[in-house]
Structure formats: structure tokens, C-alpha cells
Protein chains: 2
Amino acid sequence: MNKDVPDIVIARLPIYLRTLNLLLEDGKEITSSQELGSILGISPAQIRKDLSHFGEFGKQGTGYNIKYLISQLRKILHVDREWDMILIGAGALGHAMAHYPGFREQGFNIVAVFDNDPSKIGQEWSNLVVRDAKEMEQFVAEKGIRIAILAVPARAAQAVADRLVKAGIKAILNYAPTIIQVPEGVIVEHIDPIAHLQYMTYYLE
Amino acid sequence: MNKDVPDIVIARLPIYLRTLNLLLEDGKEITSSQELGSILGISPAQIRKDLSHFGEFGKQGTGYNIKYLISQLRKILHVDREWDMILIGAGALGHAMAHYPGFREQGFNIVAVFDNDPSKIGQEWSNLVVRDAKEMEQFVAEKGIRIAILAVPARAAQAVADRLVKAGIKAILNYAPTIIQVPEGVIVEHIDPIAHLQYMTYYLE
DNA sequence: TAGATTGTTAATCGATTAACAATC
DNA sequence: TAGATTGTTAATCGATTAACAATC
């Protein structure tokens, strides 16, 4: 497959996709690398180069048909389908995520929530019930879930991640404020607001 | 100042800092670029190179004193002090962040929450009261706040950002699922879980 | 046709890594 | 001293950009 496309290019595709969706909502039908670039603060050449890794999506003299490019990017990113995810951790953050409509709107469905706190297990969250974390492995295996969102305390994160990987999870969106180690073939993306804040304070003052 | 240090180097410093804090909690006193690198999946040479932009923090033959390096990184990133922040948006996500102890633990204090929904204004959230968004500008100006967390719906984000910038905000942590434009001298960092998920699904299957 | 914009090549720029003298 | 690891230089690697033929 396209295993030779740099990670950094892949990381920009979702940004392009989001911007294209924005333009579409504004009623536009056609855009250009120039327009996309100026919205994103990226050079037009880079956008064309990035897209050229996957094919030819534009028309000389015209630009890109927004709907068509969206559909192609969705295919490339494998989001031309729905993905089921589980959420581990029924704290305040887990609660916010379970109720955030944005995941579902983008085809990412949280289909189960797990926690090990007896006072949380059994709680009903809109269309979900908080389940006992003991049932996690069986659920993942039975339903063939490959994506997990980790919203547990830092000290629990590695142990939970180990269990998830063993059960068959291949992608972890980690909200726990700690680094987790996973074997080859499993991807972790870390949501780290503190790191972003510290990056910004470097430039303040 | 160190305006010649690449952004990408600055972005790694918070990761180093987090890892060093982890090692310190484990009771370690000394580490090496080798050890840090293997934890983070980064080459030891890169870690030494990154640090060398700011000075000499290690000892040949020994490595780095963890406490000392932490204190130096905190100075470099300007987190050897506390920062007051405001939070805009009192929805589920805002609620979760206002109650997340991690910000305060790292010296980032949410000192006020704003919303424009009358049913939310006046709500008491632990030690905070949800305020009317109309008071936002005055609060920022009076208290000299420079950092804002944006947790409002996508359609409101740009307008709120414009108001924040006008009032004096210099750094925005944007949780709204949209791109916001700010003038030179203002920094935006975007928390974008959907982008992370789409990045990961590229590699799935 | 004239104007615009793509896709791509080659040049440039910048970041990462290898290697090693210095030295603890 | 012998072993280890830093800080730094130079080489390598890879990503970005400029430029332009192709063509809509």
C-alpha cells in the first residue's frame, strides 16, 4: 500500500478534509490549492504535493471539485465508513466525550463505556450504559472493535492499554496525561492539552 | 530572544518535561539522553541537540540530573510561574475541563468561566461561577488574562476568538472543531480528536 | 484564445543522525 | 584509569518550495 507516504502528510489530510467540509457548508463547489493554503497558512505547492501522493484530483485552470475531493480524502483516510469505538473511563472527561455529538457526526460511534468504579457501573448516559471494565476484553473480541478512547487516570493508563491491546485494539486515542507503550502494529495518539499550553507559554511575554 | 529555535523543538520540550516528571515520581535522580529517547521513541542525538539550543544541562559520563533539568525546562517554557486562564463555553466539555485538576496541578488556573446561555449563567462549578459572556472583555482587560480556552460550538468560535483577541488574549487553546483565524502575535493551538482518529484509521486495515 | 491552476521536477531549505573529541 | 555520556560538528536525510510544462 501507500506505506511510503510520510506520516506528516497523512496528518495534514484530516485538516484538508475539515477545511473542505467548511467550504462546502459555505455553499462553495470549487476550490484551489491557493484558497486552501491561505485558509490554513500552508503553501499551495505543499497541498498539491501532498495530494499528488494519492492521485490526481484537480483540473488545470479550474482547481478542485470540493465534493469530489472530500469523497476521495474520505476513502484515503478510511473514513468512507463508520467506526465503532469503546470509551474507557466514566469520569468527567469520559462523560463529556460520550455526550459529544461530533464523533458520531464524523462516523465514529462510541458503542460502549467501561469503568471499574461500582458507583458508576450501571449509570445510563443517553443511549449508553456504563459497563463493568471486567467485560471490556470480551466486548472488544466479540464485536471486533479496533479503536479505544482512553480517559482513565494516568496511573491506570498503561495497565488498561495493555489489556486493550491484548484484546485486539489497534488504535488508542489517549487522553490520560502519561506516555503509554504499545507493541508494533498498534497506534497511539495522545491528546495533551498541557503540552499545547506549555508550547504557547514559551512564546508569551 | 531564542527566536531562532525551531517550533518543532519547542513542541518537544513539554514532552521531555512530562517524561522527566514521570521518572522523578519513580524515584530516579539521574537520566540520560539514551533513557529518555528509548521511553519516547526519539533518538538520543535529537534530545541532546534539542537541549543544546538552550544551554548545557548534563554532565559527560553521567547524564542529566532530573530535578535540575526539570527546573531549567520549566524556566525555558515559562512555566516556572502560574498562568491564569479563562474558559469560554459551559457545555459538557467546558464542565469537564473546569473540573479537571490537571490544569491547576501544572500551574494553569481557570479563573473564570463564561457562557451566553441564561440557563447556565450563575451555575456554581466547584469554586467557579458561570458568568455572562458579556463580561468577558472587561474581565480579560482588568485581570490581564492572556490565555483562553475555547469550548464553544464551531459556528460561534471565530466571533468569540475575535472578541478575545481584541480584549488582549494572546494564546487560545481551541477545542471548537473549526479553524480560527487570528492576527500576528496571537497563538492558537487546536485540540482536534477527530483529526487524530482519522490519522489512525488511515493505518487501520 | 487568454487566463488560470494543476501535477511534477529540481532546487532549496531545514531537521535528524552519526560520529567523536571532551570530560566527568 | 576505564567506561560512559555529553555537546557539537559535519554528513545525511527528508520535507518544502519554486518554477514551469501541460492543459482545462
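Here, the structure is the one placed above.
The text that follows walks through the structure, step by step, so that each part is easy to find. (Residues numbered from 1 in each chain as written. Chains lettered and ligands numbered in written order. Predicted model: local features only at pLDDT ≥ 70, side-chain atom pairs only at ≥ 80, totals over all residues. Heavy atoms only, no water.)

### Some words on the pairing of strand β4 (residues 83-88) of chain B
Residues and elements named next belong to chain B.
Point 1. Most of β4 is tucked away: five of the six residues are buried.
Point 2. For β4 and strand β5 (residues 108-115), the ladder comprises six bridges, and the chain directions are parallel. Each residue of the ladder has a partner; that of Ile-86, found in β5, is Ala-112.
Point 3. Of the pairings in the sheet, the one linking β4 to strand β8 (residues 147-150) comprises four bridges and is parallel in character. Bridging across to β8, Ile-86 finds its partner in Ala-148. (Buried < 20%, exposed > 50% of the residue type's maximum accessible area, 1.4 Å probe, protein only. Helix = DSSP H or I, 4+ residues; strand = E, 2+ residues; numbered from the N terminus. Pairing = 2+ DSSP bridges.)

### Remarks on the packing of aromatic side chains
Point 1. The final tally for this structure, using the stated rule, is 10 aromatic pairs over all chains.
Point 2. With 5.7 Å between their ring centres and 70 degrees between their planes, Phe114(B) and Phe139(B) make a pair best called edge-to-face. Of this pair, Phe114(B) sits in strand β5 while Phe139(B) sits in helix α7 (residues 136-143), and the two are 25 residues apart along the sequence.
Point 3. Under the relative-accessibility criterion, Phe139(B) is labelled buried at 9%.
Point 4. Joined through ring pairs, the aromatic side chains of Phe54(A), Tyr199(B), Tyr202(B) and Tyr203(B) make up one cluster.
Point 5. Positioned over the ring face of Trp83(B) is Arg81(B), at 3.6 Å from the centre of the ring. (Phe/Tyr/Trp six-rings, centres within 6.5 Å; stacked < 30°, edge-to-face > 60°. Lys NZ or Arg CZ within 6 Å of the ring centre and 35° of its normal.)

### Let's talk about the nonpolar core
Point 1. Membership of the largest hydrophobic core comes to 102 residues, with the highest contact counts inside it found for Phe103(A) and Phe103(B).
Point 2. For Phe103(B), the contacting residues outside a window of four places in its chain are Pro193(A), Ile194(A), Leu197(A), Met85(B), Met97(B), Phe108(B), Ile110(B), Ile149(B) and Tyr175(B). (Core = buried A, V, L, I, M, F, W, Y, C linked by side-chain atoms within 4.5 Å. Contact = heavy atoms within 4.5 Å.)

### Thoughts on the protein's contact with DNA strand C
Point 1. By nearness alone, 25 residues border DNA strand C, and Ser33(A), Arg48(A), Gly58(A), Tyr64(A) and Gln46(B) come closest of all.
Point 2. When the atoms of DNA strand C within 4 Å of the protein are grouped by moiety, sugar and phosphate amount to 64% of the total.
Point 3. In the environment of DNA strand C, a phosphate oxygen lies 2.7 Å from a nitrogen or oxygen atom belonging to the side chain of Tyr64(A).
Point 4. Mapped onto the surface near DNA strand C, the elements with two or more residues apiece are α3 (44-52), β2 (58-59) and β3 (63-65) of chain A together with α1 (7-25) and α3 (44-52) of chain B. (Near = heavy atom within 4 Å. Polar contact = N/O pair within 3.5 Å; in protein donor to acceptor, adjacent residues only side chain to side chain.)

### Regarding the sheet that holds strand β7 (residues 128-132) of chain A
Residues and elements named next belong to chain A.
Point 1. Taken together, seven strands build an open sheet; the order of strands is β6-β7-β5-β4-β8-β9-β10 and the sheet is mixed. In this open sheet, the two strands that pair with only one neighbour each are β6 (124-125) and β10 (187-190).
Point 2. Relative to β10, strand β9 (residues 171-174) runs parallel, the two sharing four bridges. Looking at the pairing, Ala-171 lines up with Ile-187 of β10.
Point 3. On the sheet, helix α8 (residues 154-167) packs against β4 (83-88), β8 (147-150) and β9 and is oriented at approximately 170 degrees with respect to β8. (Axes fitted to C-alpha atoms, helices over the stretch in contact; angles between N-to-C directions.)

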